[in-house]
Amino acid sequence: MCRTLSAFPTTCLERAKEFKTRLGIFLHKSDLGSDTGSAGKFEWGSKHSKERHFSEDVLGWRQSFDLLLGSKNGVAAFHAFLKTEFSEENLEFWLACEEFKKIRSATKLASRAHSIFEEFIGCDAPKEVNIDHETRELTRANLQDVTATCFDMAQGKTRTLMEKDSYPRFLKSPAYQDLAAQATAASSSPSSCSLAEPLCT
């Protein structure tokens, strides 16, 4: 059991352990985790600059939601947390909209717009986001003449929902608190180049 989580109810422990497992796997896959292949540990070795950068990144996530969304690591960590709450569809929709805006081909833009609508907004969408009827219908109407901004209102609504609801819970989660504590320790201890404390055992 994670030592820092021993005082929390079983449900909290299970969610936090799942989050930490997902985050550990992410860190390993993105070459920010253990060089020994242990996904549940931070082991930076001599990569001091990478450690410092990641520590600053982690601590920056609690300063604003914008900083979290602007961080590749932050988005991955937030996504892992949302999966433990079964609410990852809002972030996935927001990310899909961000990528959608980068499309330059009108044909591809129209095709992708319909795909996003069917996946996240339409009736019986497999990853239906929580938006009001008016926004849903306006977005549907926008598909008649697709532009890069046709999802802006729906994207804005889901972003606001995440910022007011999921983001505060993410920051208060034992998993993030533990991660932030390790980042703080790393930032305040320049001589230490290892964060080898297991996320979960």
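Everything quoted here is computed from the prediction, not taken from an experiment. (Residues numbered from 1 in each chain as written. Predicted model: local features only at pLDDT ≥ 70, side-chain atom pairs only at ≥ 80, totals over all residues. Heavy atoms only, no water.)

Student: How should the overall build of the chain be read in this particular structure?
Tutor: In terms of helices and strands, the chain carries nine helices and zero strands. Taken from N to C terminus, the helices and strands of the chain fall in the order α-α-α-α-α-α-α-α-α. For the chain, the residues scored as buried account for 43% of the 201 residues in total. Counted over contacts in the chain with a minimum sequence separation of 6, partners at least 24 positions apart contribute 62%. Of the roughly 10600 Å² that the chain leaves accessible, carbon and sulfur atoms contribute 53%. (Helix = DSSP H or I, 4+ residues; strand = E, 2+ residues; numbered from the N terminus. Buried < 20%, exposed > 50% of the residue type's maximum accessible area, 1.4 Å probe, protein only. Contact = heavy atoms within 4.5 Å. Areas by Shrake-Rupley, 256 points an atom, 1.4 Å probe, with all protein chains shown as cover.)

Student: What is the right way to read the packing of aromatic side chains from this model?
Tutor: Within a pair of aromatic rings, the relevant descriptors are the distance that separates the centres and the angle that separates the planes. Counted under the stated rule, the structure contains eleven aromatic pairs. An angle of 50° between the planes, with centres 5.0 Å apart, marks the rings of Phe65 and Tyr167 as tilted. Highlighted residues: Phe65 in helix α3 (residues 65-69) and Tyr167 in helix α8 (residues 152-172), separated in sequence by 102 residues. Both rings, one in Phe100 and one in Phe151, keep their centres 5.2 Å apart while their planes meet at 80°; by these two values the pair is edge-to-face. Of this pair, Phe100 sits in helix α5 (residues 89-100) while Phe151 sits in the loop between α7 (133-142) and α8, placing them 51 residues apart in sequence. Neither Phe100 nor Phe151 differs from the other in exposure class; each is buried. Taken together, the ring pairs connect Phe54, Trp61, Phe65, Phe78, Phe81, Tyr167, Phe170 and Tyr176 into an aromatic cluster. (Phe/Tyr/Trp six-rings, centres within 6.5 Å; stacked < 30°, edge-to-face > 60°.)

Student: Would you explain the nonpolar core in this entry?
Tutor: One recurring pattern in soluble globular proteins: nonpolar side chains tend to sit buried together. With 22 residues, the main nonpolar core has Trp61, Phe78, Leu91 and Phe170 as its most contacted residues. Where this core is concerned, the elements lending two or more residues are α2 (48-60), α3, α4 (72-84), α5, α8 and α9 (174-188). Broken down by element, this core gets its largest block of residues, five residues, from α4. Val129, Ile131, Cys150 and Ala154 belong to the second largest nonpolar core, which has 17 residues in total. (Core = buried A, V, L, I, M, F, W, Y, C linked by side-chain atoms within 4.5 Å.)

Student: Would you take a moment to explain the side chain of Asn73 for this structure?
Tutor: Looking at the element boundaries, Asn73 is found in helix α4. Side-chain polar atoms of Asn73 contact the side chain of Asp57, separated by 3.2 Å. (Polar contact = N/O pair within 3.5 Å; in protein donor to acceptor, adjacent residues only side chain to side chain.)

Student: Would you explain the confidence of the model for the chain in this entry?
Tutor: Detailed reading of the predicted coordinates is not advisable wherever pLDDT is low. Considering every residue of the chain, the mean pLDDT works out to 78; 68% of them sit at 70 or more. Counted against residues more than four places away or in other chains, residues 1-8, with its pLDDT under 50, gives 18 contacts. Across residues 191-201, where pLDDT falls below 50, the model places 37 contacts with residues more than four positions away in sequence or in other chains. (pLDDT = per-residue confidence, 0-100.)

Student: Got a minute to help me understand the environment of Thr139 in this structure?
Tutor: Here Thr139 shows up in helix α7. Among the residues examined, Thr139 registers a relative accessible area of 1% and is labelled buried. Distance in space between the C-alpha atoms of Thr139 and Cys150 is 6.4 Å, their sequence separation being eleven residues. The residues contacting Thr139, other than those within four sequence positions of it, are Phe117, Ile121, Cys150, Phe151 and Ala154.

Student: Can you walk me through α7 in this structure?
Tutor: Considered for burial, the residues of α7 that qualify are Thr135, Arg136 and Thr139. Seen along its axis, α7 keeps its buried residues to an arc of 100°; they face one direction. Of the exposed residues in α7, the ones pointing more than 90 degrees away from its buried face are His133 and Glu134. Buried-residue contacts for α7 involve α6 (106-121) and α8. Two or three places before Glu134, at the start of α7, stands the capping residue Asp132, its side-chain oxygen 3.1 Å from that residue's backbone nitrogen. (Arc of directions from axis to C-beta.)

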